[in-house]
Amino acid sequence: MSRRTALKTGAGVAFGAASLGVLPLFGTPDRKQDPAKCRTRDLSASEKRLIVSNWPGYMDEDEDGSPSTLTMFQERTGIKVDYTADVNDNLEFFAKVVNQLGSCTSSKRDLFMLTDWMAARMIQVGWIQPLDKAKVPNLHTNLIDSLAHVGWDEDRSYSAPWQSGLTGIAYNKSKVKEVRSFDELLTRPDLKGRISLLTEMRDTMGLLLLAEGADPSKFTDSEWDNAIDRLRKVRRDGQIRAFTGNEYIQDLSAGNILACEAWSGDVAAAENEDLVFVAPEEGQMIWADNMLIPNLATHQGNAEEWINFYYEPEIAAKLASFVWYICPVKGAQEAMEKIDPDLVDNPLIFPTEESLATTHAFMALEEFQIRAYEGDFADVIGG
């Protein structure tokens, strides 16, 4: 199962949790920690070991005598990596570690990768260790500008993007004329009943907020109400065929839907010349899965060495050639010339500066906002 397939599962779980009102209780007093008081001795110097949890399909592989980046890291550093693809969705992984991290006991991991909103919440409740800036110079030198200053970790003191993606719109050019804006998706008569939107609240509502003239990174309750009312009306009017995970690609390819809200990685991986990914005129959403070092990690120095390694442009390019998501590392596009020249100008791996300038991140939410907004969204897409 790839990261793209996992996203579909994760969206469904998030929707189900919202419907049942059982989103994670991050904010309860007994769950909060002080990272400075919940740490252990770093054994990196004496134990050349690193325990990593990541999403499926997010690591390149050894093939035909060419070592993977994971193999290269182990050979260069002498650090043995216990690498497990056990992050199948954010909420499921949260359930695996909540009791340990929430009580300042070990999660038995040194590094894991989680999506922005979950990373933000874990940092806010003190479950993540700060990075030693001196040990990750490549992160602060080579991280692309669009991901460098997120509201929930302004200076990337706790997190390092692993891979990133865009949320915009896609259409099948063999079936319908060009779609240029999210507003068109919601209003054009020739698309009525032939579009889909995503079950991921932050993506769909981010684009709705943009369509309503609001900033997804900083919006008010009244702006939220206007956007959710717009979504409710569009659904009631029959414009939307379905809310989906990433199975929309099959329907878009077959012509069952003509246009849709889409993730850039899905369209890139489909390798179908009829499918066009578009940055909507209103703007597009950007997200990342982030490397995080949890409290009581026993090999923090080795984890920081891993982060610094993957922010080398040549390493980042080799990884990007396999996973086909937005590479967060400056210089990787130039390095791709030697790895796979056909991918150098792929805008879904290396977006232009003009494209990145149109991106927006979703606001980090407090506990009460998560419950209210997820509940509103679930009511609309489940009704």
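Note that the structure is a prediction, hence the values are computed from the model and not measured. Once a new chain begins, its residue numbering starts again from 1 and follows that chain's sequence as written. Selection of residues for local features in this predicted model requires a pLDDT of at least 70, selection of side-chain atom pairs for listing and counting requires 80 or more, and totals for whole chains, interfaces and linings are taken over all residues. To get the side-chain values, take all heavy atoms of the structure and skip hydrogens and water.

Undergrad: Describe the overall build of the protein, and please don't skip the residues or the numbers.
TA: Broken down by element type, the protein carries 16 helices and 10 strands. For the radius of gyration, the atoms used are the C-alpha atoms, and the globule rule reads 2.2 Å times the number of residues raised to 0.38. Taken over C-alpha atoms, the radius of gyration comes to 21 Å for the protein, in line with the 21 Å a tight globule of 383 residues would show. Across its three principal directions, the C-alpha atoms of the protein cover 65 × 50 × 30 Å. In the protein, buried positions account for 58% of the 383 residues. It only takes one pair of heavy atoms within 4.5 Å for two residues to be counted as in contact. At a minimum sequence separation of 6, the contacts of the protein that also span at least 24 residues come to 77%. Helix and strand assignments follow DSSP, with helices taken as H or I runs no shorter than four residues and strands as E runs no shorter than two, numbered in order from the N terminus. Exposure classes here rest on a 1.4 Å probe applied to the protein chains alone. A residue is buried below 20% of its type maximum, exposed above 50%, and partly exposed in between.

Undergrad: Got a sec to walk through the pairing of strand β2 (residues 80-84)? Specific residues and values, please.
TA: The two faces of a sheet get side chains in turn, since along a regular strand they alternate between them. As judged from the five bridges shared by strand β1 (residues 49-53) and β2, these two strands associate in the parallel manner. From the neighbouring strand, Ser 53 faces β2, where its bridge partner is Thr 84. At this point the chain moves from β1, through helix α2 (residues 69-77), to the parallel β2, and the crossover so formed is right-handed. Any two strands are treated as partners once DSSP identifies two or more bridges connecting them. Here the term right-handed applies to a crossover when the path leading from its first strand over the helix to its second strand runs clockwise, the strands being oriented away from the viewer.

Undergrad: Outline the nonpolar core, supporting the account with residue identities and numerical values.
TA: The term nonpolar core refers to a set of buried residues drawn from Ala, Val, Leu, Ile, Met, Phe, Trp, Tyr and Cys, joined through side-chain atoms within 4.5 Å. In this structure, Leu 111, Met 122, Trp 162, Met 291, Trp 306, Ile 307 and Tyr 310 are the most contacted members of the largest nonpolar core, which totals 87 residues. Apart from residues no more than four positions distant in its own chain, Trp 306 is found in contact with Leu 50, Val 52, Met 59, Leu 70, Phe 73, Val 81, Tyr 83, Leu 111, Met 113, Trp 162 and Met 291.

Undergrad: Tell me about the side chain of Ser 264, and name the residues and values.
TA: You can see Ser 264 is positioned in helix α11 (residues 264-270). Owing to a relative accessible area of 1%, Ser 264 belongs among the buried residues under this scheme. With residues near it in sequence (within four places) discarded, Ser 264 still touches Gly 165, Leu 166, Phe 277 and Leu 348.

Undergrad: Could you give me a rundown of a negative patch on the surface, with the residues and numbers involved?
TA: Together, Glu 61, Asp 62, Glu 63, Asp 64 and Glu 75 give the surface a local cluster of negative charge. On the secondary structure map, Asp 62 appears in the loop between β1 and α2. The patch calculation keeps residues exceeding 30% relative accessible area without a salt bridge and links them within 9 Å when they carry like charges or within 5 Å when they are nonpolar (Val, Leu, Ile, Met, Phe, Trp, Tyr). The accessible surface values rely on the Shrake-Rupley method and a 1.4 Å probe; as for residues, cover is taken only from the protein chains in view. For salt bridges, the criterion is a side-chain nitrogen of Lys or Arg within 4 Å of an Asp or Glu carboxyl oxygen. A residue counts as positive if it is Lys or Arg and as negative if it is Asp or Glu; His and the chain ends are not included. The atom standing in for a charge is NZ when the residue is Lys, CZ when it is Arg, CG when it is Asp and CD when it is Glu.

Undergrad: Any details on the state of the cysteines? Residues and values, ideally.
TA: Our working definition of a disulfide is a cysteine sulfur pair at a distance within 2.5 Å. The full count for this structure, using the stated rule, is one disulfide. The disulfide partner of Cys 38 is Cys 104, and the S-S distance across this bridge is 2.1 Å. Disulfide Cys 38-Cys 104: torsion about the S-S bond near 125°, hence right-handed. Taken as a pair, Cys 38 in the loop between α1 (3-20) and β1 and Cys 104 in the loop between α3 (90-102) and β3 (111-115) lie far apart in primary sequence, 66 residues in all. Here Cys 104 falls in the partly exposed class, since its relative accessible area comes to 25%.

Undergrad: I'd like a rundown of the environment of Phe 350, residues and numbers included.
TA: Relative to the elements of secondary structure, Phe 350 occurs in the loop between α14 (332-339) and α15 (353-356). Using a relative accessible area of 8% as the deciding quantity, one classes Phe 350 as buried. Sequence separation between Phe 350 and Glu 367 is 17 residues; the distance between their C-alpha atoms is 34 Å. Contact partners of Phe 350, with chain neighbours within four places excluded, come to Cys 327, Ala 332, Gln 333, Met 336, Leu 343 and Val 344.

Undergrad: Give me the lowdown on the packing of aromatic side chains, citing residues and values where you can.
TA: Under the pairing criterion, centres of Phe, Tyr and Trp rings, with the six-membered ring standing for Trp, must be within 6.5 Å; the plane angle then separates stacked pairs below 30 degrees from edge-to-face pairs above 60, leaving the rest tilted. For the structure shown, the criterion picks out 15 aromatic pairs. Aromatic side chains Phe 73 and Trp 306 sit 5.3 Å apart centroid to centroid with 75° between the ring planes, which places their arrangement in the edge-to-face category. Taken together, the residues Phe 73 in helix α2 and Trp 306 in helix α12 (residues 300-310) connect sequence positions 233 residues apart. Between the aromatic rings of Phe 73 and Phe 309, the centroid separation amounts to 5.3 Å while the plane-to-plane angle is 65°, which identifies the pairing as edge-to-face.

Undergrad: Describe the packing of helix α8 (residues 201-211) against helix α16 (residues 367-382), with residues and values.
TA: To get an axis, a line is fitted to the C-alpha atoms, and for a helix only the part in contact is used. The angle between two axes follows their N-to-C directions and goes from 0 to 180 degrees. Contact pair α8 / α16: the axes reach a minimum separation of 11 Å and the direction vectors enclose 80°. The orientation of α8 with respect to α16, classified from their angle, is roughly perpendicular. Note on element contacts: α16 touches α8 through Ile 370, Tyr 373, Glu 374 and Phe 377, opposite Met 201, Arg 202, Thr 204 and Met 205. If an angle is under 35 degrees, it is roughly parallel; if it is over 145, roughly antiparallel; if it lies from 65 to 115, roughly perpendicular; otherwise it is oblique.

Undergrad: Hey, could you go over unusual backbone geometry for me, with residue numbers and the actual values?
TA: Unlike most non-glycine residues, Glu 271 shows phi in positive territory, near 50°. In this fold, Glu 271 is placed in the loop between α11 and β8 (275-278). For Glu 271, a relative accessible area of 65% gives the class exposed. The backbone of Trp 324 shows a phi angle near 60°, a positive value even though the residue is not glycine. In this structure, Trp 324 sits in the loop between α13 (313-323) and α14.

Undergrad: Break down the pairing of strand β7 (residues 259-263) for me, with residues and values.
TA: Most of β7 is tucked away: five of the five residues are buried. Relative to β7, strand β4 (residues 159-172) runs antiparallel, the two sharing five bridges. From the neighbouring strand, Ala 170 faces β7, where its bridge partner is Cys 260. Of the pairings in the sheet, the one linking strand β5 (residues 195-198) to β7 comprises two bridges and is parallel in character. Looking at the pairing, Ser 196 lines up with Cys 260 of β7.

Undergrad: Requested: an account of the pattern of salt bridges, with residues and values cited.
TA: Here the structure, examined in full by the defined rule, presents 14 salt bridges. Of the charged contacts, one joins Arg 180 and Glu 184 as a salt bridge, the two residues approaching to 3.5 Å between their closest N and O atoms. Given a relative accessible area of 44%, Arg 180 falls into the partly exposed group. What makes Glu 184 buried here is its relative accessible area of 12%. Put simply, Asp 183 and Arg 230 hold a salt bridge, and the shortest N to O gap is 2.6 Å. One end of the pair, Asp 183, is in helix α7 (residues 182-187); the other, Arg 230, is in helix α9 (residues 221-236), and 47 residues separate them in sequence. Look at the salt bridges and you will find they share partners, linking Arg 180, Glu 184, Arg 188 and Asp 190 into a network.

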